[in-house]
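Coordinates in review
Chain by chain, the residues:
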Amino acid sequence: MNKSATEKVLHYHEATKHHLNRYARSSGFLDWANEPLPFRHYEGANTTRLPFIEKDMQAPYLNLYERTNNDQQTFTIEGIASFLELSLAISAWKKHGSTQWALRINPSSGNLHPTEAYLILPAIEGLADEFGGVFHYNVYLHALETRASFKERFCDNIIEDGFYVALTSVYWRESWKYGERAFRYCNLDIGHALAAISISANLHGWKAQAVNTISDKDIEILLGFDKTRWLPFEHERADILLHVSAANSYPKEPNWNTVVDTFKPLFFTGTPNMLSKNHMEWKIIEDTSEATVKPRTSDNNTYCHFAQWHFAENVGQTLTAPEIIRKRRSAQSYDDKTMLSKENFFYILEKTLPAHTRAPFDVCVGETNIHLLLFLHRIEDIDTGIYIFIREESELTSLKKHFRSDFLWEPVEPTNLPLYVLEKGDFRQKASYMSCHQDIAGKGVFSISMLSKFKKVIEKSPYNYKRLLWEAGMVGQVLYLEAEAKQLSGTGIGCFFDDLIHTLIGLQDNYYQILYNFTVGCAIKEKR
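Rules of the game
- Residues numbered from 1 in each chain as written.
- Predicted model: local features only at pLDDT ≥ 70, side-chain atom pairs only at ≥ 80, totals over all residues.
- Heavy atoms only, no water.
- Helix = DSSP H or I, 4+ residues; strand = E, 2+ residues; numbered from the N terminus.
- Rg over C-alpha atoms; globule rule 2.2 N^0.38 Å.
- Buried < 20%, exposed > 50% of the residue type's maximum accessible area, 1.4 Å probe, protein only.
- Contact = heavy atoms within 4.5 Å.
- Lys, Arg positive; Asp, Glu negative; His and termini not counted.
- Charge placed at Lys NZ, Arg CZ, Asp CG, Glu CD.
- Axes fitted to C-alpha atoms, helices over the stretch in contact; angles between N-to-C directions.
- Parallel < 35°, antiparallel > 145°, perpendicular 65-115°, else oblique.
- Left-handed = near helix turned anticlockwise from the far one by under 90°.
- Nonpolar A, V, L, I, M, F, W, Y, C, P; charged D, E, K, R; others polar.
- Polar contact = N/O pair within 3.5 Å; in protein donor to acceptor, adjacent residues only side chain to side chain.
- Pairing = 2+ DSSP bridges.
- Disulfide = S-S within 2.5 Å.

Bringing the overall build of the protein into the picture now. Helix and strand counts for the protein stand at 15 helices and 18 strands. For 528 residues, the compact-globule estimate of 2.2 N^0.38 gives 24 Å, and the protein sits close to it at 22 Å. Projected onto the principal axes, the alpha-carbon positions of the protein cover approximately 65 × 55 × 55 Å. Burial statistics for the protein: of 528 residues in total, 61% are counted as buried. Considering only contacts in the protein between residues 6 or more positions apart, those separated by 24 or more positions represent 82%. For the protein, the separation between the mean place of its 57 positive charges and that of its 65 negative charges on side chains is 4 Å.

In contact at an axis separation of 9 Å, helix α9 (residues 342-351) and helix α14 (residues 464-485) are set at 150° when each is read in the N-to-C sense. The angle between the axes of α9 and α14 places the two elements in the roughly antiparallel class. Both α9 and α14 take part in a crossing whose hand is right-handed. Between α9 and α14, the contacting residues are Tyr347, Ile348 and Lys351 on the first element and Val478, Leu479 and Glu482 on the second. For the contact of α9 with α14, the residue count by class is four nonpolar, no polar and two charged.

Counting through the fold element by element, Thr269 comes out in the loop between α6 (256-263) and β11 (271-272). Spatially, the C-alpha atom of Thr269 lies 23 Å from that of Trp172, the residues being 97 residues apart in sequence. Setting aside its immediate chain neighbours within four residues, Thr269 contacts Ala45, Thr146 and Arg147. Engagement of the side chain of Thr269 in a polar contact is seen with the backbone oxygen of Thr146, the distance being 3.0 Å.

Spatially, seven strands are ordered β14-β15-β13-β12-β16-β18-β17 in an open sheet, and the strand pairing comes out antiparallel. A strand with exactly one partner marks an edge of an open sheet, and here the two such strands are β14 (410-411) and β17 (489-493). Sheet topology places β17 next to strand β18 (residues 512-521); five bridges connect them, and they run antiparallel. Within the sheet, the bridge partner assigned to Thr491 lies in β18 and is Thr519. Its contacts with the sheet place α9 against β12 (370-376), β13 (385-389), β15 (419-424) and β16 (446-453), and it is angled at close to 160° to β12.

Right, let's talk about unusual backbone geometry for a bit. Among all residues save glycine, negative phi is the norm, and among peptide bonds the norm is trans. Along the chain, Ala359 connects to Pro360 via a cis peptide bond; the corresponding omega equals 0°. By the secondary structure assignment, Pro360 is in the loop between α9 and β12. Phi angles above zero are rare outside glycine, and Asn111 is one such case at about 55°. Summarising the element assignment, Asn111 is placed in the loop between β4 (99-104) and β5 (115-121). Positive phi, normally seen in glycine, also occurs at Cys364, with a value near 60°. Along the polypeptide, Cys364 turns up in the loop between α9 and β12.

Throughout the structure, instances matching the rule amount to one disulfide. Paired by a disulfide, Cys436 and Cys495 hold their sulfur atoms 2.2 Å apart. An S-S torsion of about -90° defines the bridge between Cys436 and Cys495 as left-handed. Pair noted here: Cys436 is in the loop between α11 (428-434) and α12 (440-443) and Cys495 is in the loop between β17 and α15 (498-505), with a separation of 59 residues, a long-range link. Residue Cys186 stays outside any disulfide, its sulfur separated by 16 Å from that of Cys495, the closest cysteine.

The structure is reproduced here in structure tokens:
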């Protein structure tokens with residue numbers, strides 16, 4: 001019997017869980033000879049190198065999020081280049097022996113970077129001189145590759161006060177290492193990129209807004225994917241389209257029927273480069289990808305719910321916003337002794353709340369479904385133990401219903417944050433154990449399991465599975481930046497024993513599910 005899209009998604013999530021006696025299926029070894037190239041380029045496409053920032057803007061830390069404090073930059077080649085440099089560009093190179101590899105502003109599972117970005121631009125001097133076009137962002141060269149040039153001014157009717165950014169995924173880049181679980185990681189990485197784009201846009205006096213009405217097929221037509229000669233297993237899947245505009249503008253959404261019809265005759269140039277010579281097929285990923293394809297819908301930005309921030313911050317913060325963005329790293333180990341002040345802990349949590357006119361969550365990719373199950377190890381003046389930070393307070397009753405009946409549910413004082421202690425005690429060893437025996441989950445100042453409302457959200461629309469993972473990735477990106485701002489480091493953890501965590505808190509079904517683990521602490525300096 002053929003499974004429905006909802007059944008396929010639920011089956012995928014269940015089948016790709018890690019268990020103590022069995023990890024999710026992967027190749028079982030790393031085929032280094034066929035490690036995918038981390039950089040996409042289009043052979044034969046015209047390439048325009050972008051200028052690098054000569055001197056970073058001196059924007060203070062809170063300008064990462066606050067929309068009212070940043071001067072609006074113009075939509076020039078310098079502005080576009082700066083926006084990309086602070087969101088998706090290479091941030092550093094690491095070297096160990098004769099091997100070197102790039103780090104990027106946006107984090108990625110295993111540093112494999114399945115996310116690609118495309119821009120639809122109006123006429124811009126030095127870049128899209130005459131009428132504008134469709135461009136691929138070549139991260140390695142910090143350049144834009146022309147995929148299609150507009151031949152008339154129809155772009156003016158599509159792009160009002162800004163431009164579009166599309167994000168796509170190459171599943172093979174992650175499945176090469178992680179096998180079946182790669183679909184999860186690709187979409188967590190989309191979330192990382194979404195937050196990075198929203199925050200960079202904000203620093204430029206712009207805002208990034210999800211176009212939630214368009215279909216995935218529509219996006220692929222806009223990007224010319226239907227005319228692109230993909231190599232087997234190396235095709236890209238469209239994920240999301242964002243409109244980037246001035247922060248104080250409210251542009252009208254175009255008629256997408258007309259827009260898509262206008263793009264269909266465009267001539268697209270360039271052939272995608274080969275990423276690997278040989279591949280391994282993961283049918284369950286392709287099945288889940290098909291099951292989560294988004295159709296056209298009418299729900300653009302109607303369901304964004306925003307909480308209120310309670311704390312003014314930040315005394316003693318010396319790092320600028322660009323410095324924090326550029327410093328972001330995924331730590332490999334923690335010192336197991338550093339403490340975090342209670343005030344800074346509250347500041348970190350607060351930034352993960354969706355707040356009105358604040359980046360990155362006002363990009364509005366869907367309802368707030370992610371809550372933070374916290375394992376507190378070393379927070380000054382707060383007991384060690386298990387806590388829950390509820391990012392959508394209307395879920396409190398439901399969470400109590402599904403969690404263990406012996407939990408305390410005591411509010412943490414003094415704070416107006418929706419933070420509750422569930423059980424006191426030392427959970428460092430258990431936190432590491434549940435994160436696939438990784439010490440970093442127990443040796444930081446705290447670790448997190450991101451808990452999502454799950455089954456009902458998937459049943460409503462199967463493509464919401466991707467959006468749940470995006471939300472978790474966005475929270476992860478904020479945690480990365482907040483950790484750096486507090487002179488600490490963050491680490492996203494994709495490997496965890498799903499049901500072991502569920503059992504710990506008393507979950508008996510898939511109404512809620514853990515989607516992503518994360519830890520924050522004082523990193524031990526690497527020699528690489």
